Amino acid sequence: MKIASRFLTRPDAAAVHVTLDGVRIAAQPGDTVAAAMLAHSGDPARHSATGAARTAFCMMGVCFDCLVEVDGRPNVQGCMIAVREGMVLRRQRGLRPLIGGGHDA
Amino acid sequence: MMHDADVIIVGAGPAGMAAAATAARAGAQVLLLDEQPRAGGQIFRNVGVNGDARTYLGKDYVAGKPLVDALDHPNITAEYGATVWRIEAGPRVIWSREGESRMSCAPHILLAGGAQERPVPFPGWTLPGVMPAGATQILMKTAGLLPRDAVLAGSGPLLYLIAAQMIDAGAPPRALVETQTIASMLRAAPQLPRALLAARMLIKGLGFIRKIRAAGVARYTGASGFRAAMTEDGGIAFSFLAKGKAHQLNTPILLTHQGVVPATHMSRAAGIVHSWTDVQRAFQPAVDTWGRTDVPGIHVAGDGAGIGGAEAAQAAGRLAALDILHLQGLLSEDARNQKSAPDRAMLRRALAIRPFLDTAYAPLAEFLSPPDAAIACRCEEVTAGDIRQSIQEGANGLRQVKTATRAGMGPCQGRMCDLTVRGILSSCGAKPATPRARSPIKPIRLGELAALATQQETSA
């Protein structure tokens, strides 16, 4: 399912491009990875050990629901890291992995 | 032991920033650590860079700018993106940045870690599209992201503020679902005369409510029985009862709020004595009027020592700084006491409204001890029902529930479920002790730990 962002489209600004599961998406400078993902779509950002859909939640580093693989490193708190041009993001599925990669849908 | 500063302040929110400026101006060397990329805390998040943009955030938000500016002082070294994961006697702080840990020592540590939103567990609260209202406010402040056709649900002053900010930003919520009841307002009424000391805040709150009315936002009061399900298009079907009637609202994003609670992982892991407060329904560290704790060398100030809001936090931060200056020999006892007068008055004024707010907007029992189907521990996906079953099977405290169910064993280390597990235990007649917190209080990689050990050996 493709779900539209749950947030209003922002006025255009300079863009930073990252890839999310191989798809190029635009973010704005200063966005955290979690914010960029929420702005991009309302889709799940992660699936838990039981397969439940989750997205970033507290946005302040408390809840760890925004865990995401960043440039091959798993379990990064998406709300605590800023986007950088060319960043490679992958959504995590299942139990939190010890090593990155191999989690493509 | 080599000292890196006279005082290490953990947290660059209102309390930490105010304390840093006070200490630095009096000649103390300050090391200020914050996990976020810049100063401000959650309330003044990004205030230093937003400038004239995002005016919908309001005057009280911009008021945080001077606090950030005051950090530009030669005696202050500020480190951002710095995650503290251990505080130890000495005192010593171990913190991590970009995968590397370091140790900093000082004769004094001031913990100013602030608050977190109280978890609001109900069936469906883990679904994409359900978020804490404060989290959306962070998105407004840091990314200019405005929720689309949101439903705000819960209670408390922050909920009204966020609704007003959304209206001013041109993204009004489609409905405001309030959990406070006429009974809770009546219970709070005797506190109103005292709250008049904080008349400015009361007037501000009434202004928000007027704005929400004028914008024609649908309002439901006395709401309970929260439940969220996913609709076919990925939205949220939010159902609840209001005044005995069942309602359902469909929205892309449901924003909940039941107030904030002290973030105590750091202070608990530091070994400071904590207790439960019935008024604020939270754990808080025991501190004296200067923020001193029972652990020598460690003070706590601001919302992390008990919820009082940004103004109270600034005053408390300065009071702690004055006490630390006194303990460092930079200020006599008389000078400390004299200089503290304006902040004592500010603190008294700011705290005057709390008993009213804490009573009128108390969290609903259904969020303190949620129904069986609600997930309590988001990390390990443990439901309230699982926890009740473990209690029936003999678990009689937080540690036994943890062992039986894994609640609290995920990466958030209980930050999202400690209060819920406690609430369920106490509704089952138990008297749970303060939960333990242990270092590392934020997950770090083993390699980082090993590198730190090597560094320690070489320097020893």
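Look up: the structure comes first, before these words.
Below or above, wherever it landed, is the structure these notes cover. (Residues numbered from 1 in each chain as written. Chains lettered and ligands numbered in written order. Predicted model: local features only at pLDDT ≥ 70, side-chain atom pairs only at ≥ 80, totals over all residues. Heavy atoms only, no water.)

Turning to the packing of helix H1 (residues 14-25) of chain B against helix H11 (residues 310-327) of chain B, a few remarks are in order. Residue and element names in this part refer to chain B. Put simply, H1 and H11 touch, their axes get as near as 7 Å, and they point 35° apart. Crossing angle aside, the handedness with which H1 passes H11 is right-handed. Contacts between H1 and H11 involve Pro14, Ala15, Ala18, Ala19, Thr22 and Ala23 from the first element and Ala310, Ala313, Gln314, Gly317, Arg318, Ala321, Leu322 and Leu325 from the second. (Axes fitted to C-alpha atoms, helices over the stretch in contact; angles between N-to-C directions. Helix = DSSP H or I, 4+ residues; strand = E, 2+ residues; numbered from the N terminus. Left-handed = near helix turned anticlockwise from the far one by under 90°. Contact = heavy atoms within 4.5 Å.)

Let's shift gears to the packing of helix H15 (residues 384-392) of chain B against helix H16 (residues 398-405) of chain B. Residue and element names in this part refer to chain B. Packing of H15 against H16 brings their axes to within 10 Å, and their N-to-C directions diverge by 110°. On the basis of the axis angle, H15 is roughly perpendicular to H16. Note that H15 runs across H16; the crossing there is right-handed. On H16, the residues that touch Asp386, Ile387, Ser390 and Ile391 of H15 are Val401, Ala404 and Thr405. Residues that form the contact of H15 with H16 fall into these classes: four nonpolar, two polar and one charged. (Parallel < 35°, antiparallel > 145°, perpendicular 65-115°, else oblique. Nonpolar A, V, L, I, M, F, W, Y, C, P; charged D, E, K, R; others polar.)

What follows deals with the sheet that holds strand S13 (residues 223-230) of chain B. All names here are of chain B. Ordered by their spatial adjacency, three strands build an open sheet running S13-S14-S15, and the pairing between neighbours is antiparallel. Each having just a single partner strand, S13 and strand S15 (245-251) make up the two edges of the open sheet. Across the sheet, the mean angle separating the axes of adjacent strands is 20° when strand polarity is ignored. Here strand S14 (residues 236-242) runs beside S15; their pairing, made up of seven bridges, is antiparallel. (Pairing = 2+ DSSP bridges.)

Let us look at the pattern of salt bridges. Per the counting criterion, the structure on display carries 27 salt bridges over all chains. For the salt bridge of aspartate 65 of chain A with arginine 378 of chain B, the shortest nitrogen-to-oxygen distance reads 2.6 Å. One end of the pair, aspartate 65 of chain A, is in the loop between strand S4 (53-54) and strand S5 (67-70); the other, arginine 378 of chain B, is in the loop between strand S21 (375-377) and strand S22 (382-383), on a second chain. (Salt bridge = Lys/Arg side-chain N within 4 Å of Asp/Glu carboxyl O.)

In this section: the packing of aromatic side chains. Summed over the entire model, instances satisfying the criterion amount to nine aromatic pairs over all chains. Geometrically, the ring pair formed by phenylalanine 57 of chain A and tryptophan 125 of chain B is edge-to-face, given 5.7 Å between the ring centres and 85° between the ring planes. Separated into two different chains, phenylalanine 57 of chain A in the loop between S4 and S5 and tryptophan 125 of chain B in the loop between strand S8 (115-117) and strand S9 (130-132) make up a pair that spans both. Owing to a relative accessible area of 4%, phenylalanine 57 of chain A belongs among the buried residues under this scheme. When its relative accessible area of 2% is taken as the criterion, tryptophan 125 of chain B is described as buried. Here the aromatic rings of phenylalanine 122 of chain B and phenylalanine 367 of chain B are separated by 6.4 Å at their centres, their planes lie at 70°, and the arrangement is edge-to-face. Highlighted residues: phenylalanine 122 of chain B in the loop between S8 and S9 and phenylalanine 367 of chain B in helix H14 (residues 365-368), separated in sequence by 245 residues. For phenylalanine 122 of chain B, a relative accessible area of 1% gives the class buried. (Phe/Tyr/Trp six-rings, centres within 6.5 Å; stacked < 30°, edge-to-face > 60°. Buried < 20%, exposed > 50% of the residue type's maximum accessible area, 1.4 Å probe, protein only.)

Attention now goes to the interface of chain B and chain A. Listed by partner, the interface residues are 46 residues for chain B and 38 residues for chain A. Both sides together, the interface formed by chain B and chain A hides about 3400 Å², and carbon and sulfur atoms give 61% of it. Between the two partners, chain B and chain A, sit three salt bridges. Secondary structure elements with two or more residues in the side of chain B that touches chain A: S8, S9 and helix H5 (133-143) of chain B. Tallying contributions element by element places H5 of chain B first for the side of chain B that touches chain A, with six residues. Partitioned by chemical class, the residues of the side of chain B that touches chain A number 24 nonpolar, 11 polar and 11 charged. (Buried area = accessible area lost by both parts, 1.4 Å probe.)

Take the sheet that holds strand S6 (residues 73-77) of chain A next. Residues and elements named next belong to chain A. Taken together, the five strands give an open sheet; going across it, the order is S2-S1-S7-S5-S6, and neighbouring strands pair in mixed fashion. The open sheet terminates on both sides in strands that have one partner only, identified here as strand S2 (23-27) and S6. Going across the sheet, the axis of each strand differs from the next one's by a mean of 40°, ignoring polarity. One ladder, built from two bridges, connects S5 with strand S7 (residues 88-90); its direction is antiparallel. For valine 70, the partnering residue across the bridge sits in S7 and is leucine 89.

All names here are of chain B. Side chains His108 and Leu110 of strand S7 (residues 108-111) all project onto a buried face; the interleaved residues Ile109 and Leu111 project onto the opposite face, where all are buried too. Across four bridges, strand S1 (residues 7-10) lies against S7 in parallel orientation. Paired with isoleucine 8 across the bridge in S7 is isoleucine 109. In this structure, S7 lies alongside strand S20 (residues 298-300), joined through three bridges in parallel fashion. Bridging from a neighbouring strand, leucine 111 pairs with valine 300 of S20.

Residues and elements named next belong to chain B. Along the chain, the position of leucine 325 falls in helix H11. On the basis of relative accessible area, leucine 325 is assigned to the buried category, the value being 3%. Other than its neighbours up to four places away in sequence, leucine 325 contacts Thr22, Ala23, Ala26, Ala28, Leu330 and Leu331.

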